Amino acid sequence: MRSSGVLLHISSLPSPYGIGTLGREAYAFVDFLHRAGQRYWQILPVGPTGYGDSPYQSFSSFAGNPYFIDPDTLRREKLLTREEIAAADATAGDGHAVDYEKLYNLRFPLLRLAYTRFLEKIPADFFDFCRRESAWLETYALFMAIKDAKGGASFETWEDGLKFRRAAAIDRAERRLGREIGFYKFLQYTFMRQWNALRAYANAHGVRIIGDLPMYVAPDSADVWAQPAQFCLDPDGQPSAAAGVPPDYFSADGQLWGNPLYDWDAMRADGFRWWKERIRGAAKRYDVVRIDHFRAISSYWVVPRGELTARGGHWAPGP
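Residues numbered from 1 in each chain as written. Predicted model: local features only at pLDDT ≥ 70, side-chain atom pairs only at ≥ 80, totals over all residues. Heavy atoms only, no water.

1. Topic: the environment of Val217
How we decide: Runs of H or I in DSSP of at least four residues are treated as helices and runs of E of at least two as strands, each being numbered from the N terminus. Should any heavy atoms of two residues lie within 4.5 Å, those residues are counted as being in contact.
Looking at the secondary structure, you find Val217 in the loop between strand S3 (208-214) and helix H10 (222-226). Considered as a pair, Val217 and Ser154 are 63 residues apart in the sequence and their alpha carbons are 14 Å apart. Apart from residues lying up to four places away in sequence, Val217 is in contact with Ser61, Asp223, Val224, Phe231, Asn259, Pro260, Tyr262, Trp274 and Arg278.

Rendered as structure tokens:
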């Protein structure tokens, strides 16, 4: 049976909070799709955005974007007040664009306030969530806690003990940053609860969600930091080559994305474990999974380190 739907990212939903959220307007959009006889809602990646605030440059392949957490839902859960939410208004000047700098400076303090109240009575399912998602959550929360402690600096600039995840340095960081690690676990728990509720509502109204899985991950991500052997990196931890696409009718220089390439030989040797975990995580979150730039599984453009454009790249066979 043929079906149709609409592509609209969460960030583009109407919102009084500077960016679309998993709250009231998301449910209203599901209602609209249902009334219009649409069966699919396609979105862009929902991971926490990094460089350039792009959904294709995420700090994690598994985590959810804290910006999408709905403040009104937190208010109903007694974690925030109406006045606190109003004081953290991150709306851009005309209300039609996201002011990411303003959002970054105002939203995280608000979420930390909610976390303080959350600690007063932690729900039992929080610990269940942390155990269930520990394979990626522990590393991601530590990665973000260290990043915050270093003013947001890329892990490539961290001292070697943390950069290369040496046991003594990691142990010290875990002991020193315990509360901050807990904060990032709280954000993922909260995102997941709100996401699961919205998806259940969509499914109950005959709408399935198409999620977007970027082919590549960001160089400054918990994925690369925790699993360097899965990527083509030089001894200093920098990508030995970067992803992109060759010159075409649209760009004489091609596109140099900067994402590290996968070490497909290493991945093949362990049965593509990382990719299987990633697909499994996406399949739990979405009804349908779209792999962006999936043609790179067949063959991909390799841009050697030091090139300033994608013109000097070459094709290599995929797995």
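2. Things to note about the nonpolar core
Rule in force here: What makes a nonpolar core is a set of buried Ala, Val, Leu, Ile, Met, Phe, Trp, Tyr and Cys residues whose side-chain atoms join them at distances within 4.5 Å. Throughout, exposure labels follow a simple rule: accessible area from a 1.4 Å probe, protein chains only, divided by the maximum for the residue type, with under 20% read as buried, over 50% as exposed, and the rest as partly exposed.
In this structure, Ile10, Trp41, Trp195 and Tyr262 are the most contacted members of the largest nonpolar core, which totals 85 residues. It is helix H9 (residues 178-204) that contributes the most residues to this core, 11 residues altogether. Not counting the four nearest positions on each side in its chain, Trp195 is found in contact with Ile10, Leu22, Ile43, Val46, Ile209, Arg285 and Tyr286.

3. Some details on the pattern of salt bridges
What counts is decided by this rule: Take a side-chain nitrogen of Lys or Arg and a carboxyl oxygen of Asp or Glu: if they are within 4 Å of each other, that pair is a salt bridge.
The full count for this structure, using the stated rule, is 22 salt bridges. Notably, a salt bridge pairs Arg273 with Glu277, separated by 3.7 Å at the nearest N-O pair. Linking Arg273 with Glu277, this pair stays in helix H12 (residues 273-285), spanning four residues, or about one helical turn.

4. Some points on the environment of Cys130
Locating Cys130 in the fold gives a position in helix H5 (residues 124-132). The exposure class of Cys130 is buried, given its relative accessible area of 10%. Considered as a pair, Cys130 and Ala86 are 44 residues apart in the sequence and their alpha carbons are 31 Å apart. Non-local contacts of Cys130, meaning those with residues more than four positions away in its chain, are made with Leu137 and Lys185.

5. Here we look at the sheet that holds strand S4 (residues 241-245)
The criterion, for reference: When DSSP locates at least two bridges between a pair of strands, those strands are taken to pair. For every element, the axis is a line fit to its C-alpha atoms; helices are fit only across the contacting stretch, and the angle between N-to-C directions ranges from 0 to 180 degrees.
A sheet is described by the order of its strands in space; here four strands give the open sequence S5-S4-S7-S8, paired in antiparallel fashion. A single partner strand is all that each edge strand has here, and the edge strands are strand S5 (255-260) and strand S8 (314-317). Taken over all neighbouring pairs, the strand axes of this sheet differ in orientation by 50 degrees on average, direction set aside. Strand direction decides the pairing type here: S4 and strand S7 (residues 299-304), joined by four bridges, are antiparallel. Within S7, the position partnered with Ala242 by the bridge is Val303.

6. Some words on a nonpolar patch on the surface
Just so we agree on the cut-off: In this scheme, patches are assembled from residues that exceed 30% relative accessible area and form no salt bridge. Like charges are connected within 9 Å, while nonpolar side chains (Val, Leu, Ile, Met, Phe, Trp, Tyr) are connected within 5 Å. Using the Shrake-Rupley algorithm and a 1.4 Å probe, accessible areas are obtained, with residue cover drawn only from the displayed protein chains.
Together, Leu119, Ile122 and Phe127 give the surface a local cluster of nonpolar side chains, amounting to about 220 Å² of exposed area. Counting through the fold element by element, Leu119 comes out in the loop between helix H4 (100-118) and H5.

7. Overview of H12
What sets the pattern is the α-helix's 3.6 residues per turn: residues three or four places apart point alike. Under the convention used in this document: Each residue after the first adds 1.5 Å to the expected span of a helix. In this description, one arc is meant: the one made by directions from the helix axis to the C-beta atoms.
Between its terminal C-alpha atoms H12 stretches 19 Å, which fits the 18 Å expected from 13 residues at 1.5 Å a residue. Three or more residues of H12 are buried, namely Trp274, Trp275, Arg278, Ala282 and Arg285. Seen from one end, H12 has its buried residues packed into an arc of 95 degrees, which puts them on one side.

8. Points about the environment of Leu162
Along the chain, Leu162 falls in helix H7 (residues 160-163). Between the alpha carbons of Leu162 and Arg172 there is a distance of 9.7 Å; along the sequence they are 10 residues apart. Apart from the residues within four sequence positions on either side, Leu162 is in contact with Ile146, Lys150, Ala169, Ile170, Ala173 and Trp225.

9. A closer look at the packing of aromatic side chains
Selection criterion: Note on aromatic contacts: the rings of Phe and Tyr and the six-membered ring of Trp form a pair at centre separations within 6.5 Å, being stacked when their planes are under 30 degrees apart, edge-to-face when over 60 apart, and tilted otherwise.
Evaluated as defined, the whole model comprises 37 aromatic pairs. The interplanar angle of 70 degrees and the centroid separation of 4.9 Å between the aromatic rings of Phe29 and Trp41 together place this pair among those described as edge-to-face. Of this pair, Phe29 sits in helix H1 (residues 24-35) while Trp41 sits in strand S2 (residues 40-42), and the two are 12 residues apart along the sequence. Centre to centre, the rings of Tyr216 and Tyr262 are 5.7 Å apart; their planes meet at 25 degrees, and the pair counts as stacked. On the criterion of sequence distance, the pair formed by Tyr216 in the loop between S3 and H10 and Tyr262 in the loop between S5 and helix H11 (264-269) is long-range, its members being 46 residues apart. For the pair Tyr216 and Tyr262, one class covers both residues: buried.

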